[in-house]
Amino acid sequence: MDVVSLSRLQFALTCAFHFIFVPLTLGLSVLVATMEVKYGRTGNELYLRMTKFWGKLFLINFALGVVTGITMEFQFGMNWAEYSRYVGDIFGAPLAIEATTSFFLESVFIGVWVFGWNKISRKAHAVSICLVAFATNLSGLWILLANGWMQHPVGYVLRNGRAEMVDFLAVTFNPNGWLKFAHQISSAYVVAAFFVLGISAWHLLRKNETTFFKTSFKMAALFGLVSVVLSGLTGDIHAVEVGKTQPAKLAAMEALWDTQNTVWISLLQLPDTDNERNYFEYIKVPGLLSILATHSLNGEIKGLKDFPKDERPPVMPVFLSFRLMIGLGMLFSLLAFLAVVLSRYDLLERYPLFLKLLVFTIPLPYLANQFGWIVAEMGRQPWIVYGIMKTSDGISKSITLGQVVGSLIGFVLLYGLLGAIDIYLLMKFARKGPDSDVSSLINTAKRKV
Amino acid sequence: MEFQVIWFVLWSVLWAVYFALDGFVLGSGMLQNFVARSDIERRVVINTLGPVWDGNEVWLITAGGVTFAAFPTTYALMFSYLYTPLLLLLFSLIVRGVAFEFRGKVDDPRWKNIWDRALLVSSFLPALLFGVTFGNIFKGLPMDAAGYHGSLVSVLNPYGLVTGLLFVLLFVVHGGLYLSVKTTGAVKTRSVSAASAAWIPLLIVAVVFLAYTYPATHLYDNFLAHPGLLAVPLLAVLSLLGIKVFLVKGKLLPAFTASSLTILLVVATGVVGLFPNLIPSSLDPLYSLTAFNSSSSPYTLKVMTGVAVIFLPIIIAYKIWVYRVFRAPVTNQDVLDNKQAY
């Protein structure tokens with residue numbers, strides 16, 4: 001392994017680890033904010049207890065999301081100095097704007113929310129968590145606009161030996177970034193929905209606090225169903241755009257070797273990269289890919305053979321991740337639909353097997369999110385900025401193999417430890433269930449109202 | 001031309017404010033094991049930091065993001081040349097953040113003890129490493145056409161270490177004063193003593209730093225060319241002395257204000273001396289990274305200026321509001337009342 005591959009591995013690992021926490025933060029912030037607003041509107045203590053219980057899990061997860069996020073900012077300069085130098089003019093701006101417009105807001109008001117229970121009015125307190133949810137999601141937008149620029153560079157000229165920004169609005173309204181945002185946000189909400197569904201199911205199976213967990217379940221089921229539908233729709237629109245702007249990625253996603261019209265999708269298929277063909281293609285649905293990717297039955301789709309070998313992404317991981325993501329998405333749609341129906345008619349206790357299934361589903365949306373990013377980022381290879389700069393050209397010139405090996409080992413050990421503690425704490429507090437006693441809190445909160 | 005100067009100033013302000021704000025968090029973290037003895041006292045200490053530490057750390061993220069956006073070449077070379085010290089800094093900041101969150105989550109003295117130790121180390125190391133890094137920036141990095149000629153060992157040179165020690169002591173005094181204002185009873189008394197005790201070595205190290213800066217760096221060149229600028233280090237020294245004056249009089253909030261000013265003015269002294277360099281080359285001034293040769297295009301700087309003009313006042317406004325909401329000292333009862341507290 002050389003400095004480039006190890007730096008890529010390190011970036012992938014630290015990014016994937018960061019992204020264990022981000023989707024739950026994005027989605028659970030919205031759910032917890034909804035709970036607290038409901039409490040404010042109805043005065044129903046149940047919603048306060050829900051805010052407290054899910055809020056506690058939210059905070060354990062939030063802390064790790066924050067601290068592992070700092071790594072991202074450091075790593076561009078540490079390992080990818082040539083990239084940073086070359087694109088900083090246009091790529092740095094969304095990152096700096098993210099910090100100024102969103103990260104400050106989120107970090108300041110999370111402190112207000114956690115420590116402000118007895119200090120500010122009930123309304124101001126609910127507003128704090130709403131601001132956290134808003135800022136967290138806005139933060140995602142700026143980060144994805146930065147990523148969107150790497151996928152589909154716009155609004156720049158190559159000048160003075162670098163990419164310089166000439167059109168800020170083009171960067172801000174880059175369709176790739178917005179579609180990624182829409183797809184990512186809805187997919188993140190699916191993670192949060194199944195997190196709440198799974199934990200509620202676990203408690204319902206044990207008949208703990210049934211009203212509490214049925215209410216949580218209902219809320220999450222609806223949230224999950226809407227999100228999974230939106231995730232599918234935005235994913236479809238995004239794929240069409242990828243087909244136009246990153247044809248090599250689309251070809252790898254479908255393991256399509258030859259350029260054709262009216263392209264089928266085969267449900268069972270496995271790519272053979274060395275021989276530029278597929279080992280097998282079973283159960284072909286004629287024209288489906290053309291319809292999905294171009295919204296026309298005889299749309300032409302470029303095959304991988306149309307790209308020089310050194311400009312093709314690694315086919316196997318992109319293809320498999322894409323399939324797994326889609327498959328999981330379909331599973332989530334079915335489960336979310338059943339969850340909505342069964343909770344609507346109060347039939348959950350009659351189907352313990354379904355509840356059990358939901359408990360084991362908790363990790364799957366996380367996986368689907370990671371698969372999505374494997375498609376997006378490995379599918380972009382060998383480019384670090386699509387069509388402009390190769391990944392291998394972005395590496396820092398001054399770092400040594402020893403440094404990267406050292407930092408990679410450090411990250412694996414530190415993150416491994418933190419990940420284990422996080423899972424332990426989440427399970428501990430999820431199992432413990434909500435606090436029964438909120439009276440002290442209500443009293444002090446009322447004092448201030 | 002103009003935008004580059006504006007962004008040099010903003011870049012400096014971000015670092016200065018970051019050090020003034022996170023300085024007391026790092027300082028309190030270093031002192032927690034000493035000024036607080038029982039579990040509830042230790043919880044009080046970290047709960048004084050709870051509402052603000054995350055928001056304070058964002059100044060660092062913004063300083064980093066602004067370096068990336070406004071001075072990409074400086075960002076790229078600084079972070080890759082100082083790979084190992086910055087990696088250690090990053091690990092420390094990660095551990096510190098989770099130490100706050102994890103400490104109270106398991107009710108076992110050994111568990112809490114581990115995180116108290118972790119907080120001590122992960123507060124000390126960033127203070128030291130920021131000092132060492134800025135000491136080396138003041139001094140200049142050994143870089144030329146062939147790249148970087150330094151290593152972790154070369155970064156730990158005497159001047160770098162003196163600056164590191166200066167930062168550690170500044171933050172200890174600053175943190176001690178913060179806790180003096182934000183706690184009551186025994187913790188408050190011990191915090192006042194800690195700040196007073198650390199002030200004397202701080203004064204000595206500050207004098208050594210100011211003297212050593214003359215042979216070790218070119219920072220004084222700007223001051224000698226424009227003697228009026230000497231007001232900045234002079235005010236820094238006055239604020240440093242002011243800390244002691246207020247401490248003796250028992251005026252704790254003014255003493256904390258004086259330590260905040262000291263930090264802001266120490267950073268100001270450094271950047272006034274650096275200008276227009278962001279990172280000078282210790283080998284050949286031709287390869288120094290300046291606000292002019294390492295900046296983004298005028299268009300990008302203009303866009304960024306617009307963002308800063310709109311959002312910085314908003315950020316400052318809600319941060320002031322938050323500090324006002326949480327201005328009261330934290331008591332044992334406060335910690336027991338809030339189940340979400342650390």
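Keep in mind that what you see is a predicted model, and the values were worked out from it rather than measured.

The rules we used
- Residues numbered from 1 in each chain as written.
- Chains lettered and ligands numbered in written order.
- Predicted model: local features only at pLDDT ≥ 70, side-chain atom pairs only at ≥ 80, totals over all residues.
- Helix = DSSP H or I, 4+ residues; strand = E, 2+ residues; numbered from the N terminus.
- Rg over C-alpha atoms; globule rule 2.2 N^0.38 Å.
- Buried ≥ 20, exposed ≤ 12 C-beta atoms within 10 Å, placed from the backbone.
- Contact = placed C-beta atoms within 7 Å.
- Pairing = 2+ DSSP bridges.
- Axes fitted to C-alpha atoms, helices over the stretch in contact; angles between N-to-C directions.
- Parallel < 35°, antiparallel > 145°, perpendicular 65-115°, else oblique.
- Nonpolar A, V, L, I, M, F, W, Y, C, P; charged D, E, K, R; others polar.
- Core = buried A, V, L, I, M, F, W, Y, C linked by C-beta atoms within 7 Å.
- Expected span 1.5 Å × (residues − 1).
- Arc of directions from axis to C-beta.

**Q** Would you mind going over the overall build of chain A with me for this structure?
**A** Looking only at helices and strands, one finds 14 helices and 6 strands in chain A. Taking 449 residues into account, the globule formula puts the C-alpha radius of gyration at 22 Å, and chain A, at 23 Å, falls close to it. The principal-axis extent of the C-alpha atoms belonging to chain A is close to 70 × 50 × 40 Å. When the 449 residues of chain A are sorted by exposure, 51% land in the buried category.

**Q** It is not clear to me how the overall build of chain B should be interpreted in this structure. Could you clarify?
**A** When helices and strands are tallied, chain B shows 14 helices and 4 strands. The C-alpha radius of gyration computed for chain B amounts to 20 Å, which stays within 12% of the reference 20 Å derived for 342 residues, consistent with globular compactness. On the principal axes, the C-alpha backbone points of chain B span a range of 60 × 40 × 40 Å. In chain B, 78% of the contacts between residues at least 6 apart in sequence involve partners at least 24 apart.

**Q** Sorry, what's going on with the pairing of strand 3 (residues 265-272) of chain A here?
**A** All names here are of chain A. Strand direction decides the pairing type here: strand 3 and strand 4 (residues 277-285), joined by 7 bridges, are antiparallel. Across the sheet, residue Leu 270 finds its bridge partner in strand 4, namely Phe 280. In this antiparallel pair of consecutive strands, strand 3 and strand 4, the connection spans 4 residues, and Glu 276 shows a positive phi of 50°.

**Q** Please explain the packing of helix 7 (residues 210-245) of chain A against helix 8 (residues 247-254) of chain A as it appears in this structure.
**A** Any two packed helices are characterised by how steeply their axes cross, that is the angle between the axes, and by the distance between the axes. All names here are of chain A. Their axes nearest at 5 Å, the elements helix 7 and helix 8 cross at an angle of 120°. If you check the angle between helix 7 and helix 8, you find them oblique. Contacts between helix 7 and helix 8 pair Ala 239, Val 242 and Gly 243 from the former with Pro 247, Lys 249 and Leu 250 from the latter. Here the residues of the contact of helix 7 with helix 8 are counted per class, giving 4 nonpolar, 1 polar and 1 charged.

**Q** What am I meant to see in the interface of chain B and chain A here?
**A** Bring the parts together and some accessible area is lost; that lost area is often taken as the interface size. Counting from both sides, the interface comprises 57 residues of chain B and, opposite them, 61 residues of chain A. If you list the elements that add at least two residues to the side of chain B that touches chain A, you get helix 3 (53-70), helix 4 (72-81), helix 5 (83-103), strand 2 (147-148) and helix 13 (298-325) of chain B. Residues of the side of chain B that touches chain A, tallied by class, amount to 36 nonpolar, 15 polar and 6 charged.

**Q** Just checking my understanding: could you explain the nonpolar core for this structure?
**A** Note on soluble globular proteins: their nonpolar side chains tend to be buried together. Counting 233 residues, the largest nonpolar core has Leu31(A), Trp54(A), Ala192(A), Ala193(A), Leu197(A), Leu169(B) and Val173(B) as its most contacted members. A per-element tally of this core places helix 3 (residues 81-115) of chain A first, with 21 residues. Excluding anything up to four places from it in sequence, Ala192(A) contacts Leu24(A), Gly27(A), Leu28(A) and Leu31(A). Ala248(A), Ala255(A), Val263(A) and Ile301(A) belong to the second largest nonpolar core, which has 23 residues in total.

**Q** Would you take a moment to explain helix 11 (residues 231-249) of chain B for this structure?
**A** Since the α-helix turns once every 3.6 residues, residues separated by three or four places project in the same direction. Residue and element names in this part refer to chain B. Here helix 11 is 19 residues long and its end C-alpha atoms lie 26 Å apart, about the 27 Å a rise of 1.5 Å per residue gives. Within the span of helix 11, buried status applies to Pro 233, Ala 236, Leu 240, Ile 243 and Leu 247. For helix 11, the arc enclosing every buried residue in end-on projection is 55°, short of the 170-degree limit, so these residues lie on one face. In helix 11, those exposed residues whose orientation departs by more than 90 degrees from the buried face are Leu 234, Val 248 and Lys 249. Taken together, the buried residues of helix 11 touch helix 8 (158-182), helix 9 (185-216) and helix 12 (252-274). A positive phi of about 75° marks Gly 250, the residue just after helix 11.

**Q** Could you clarify how one ought to interpret the environment of Leu364(A) in this entry?
**A** All names here are of chain A. With respect to the helices and strands, the residue Leu 364 is situated in helix 12 (residues 363-378). Residue classification places Leu 364 among the partly exposed positions, given that 18 C-beta atoms sit within 10 Å. Along the backbone, Leu 364 and Val 191 are 173 residues apart, and their C-alpha atoms lie at a distance of 8.1 Å.

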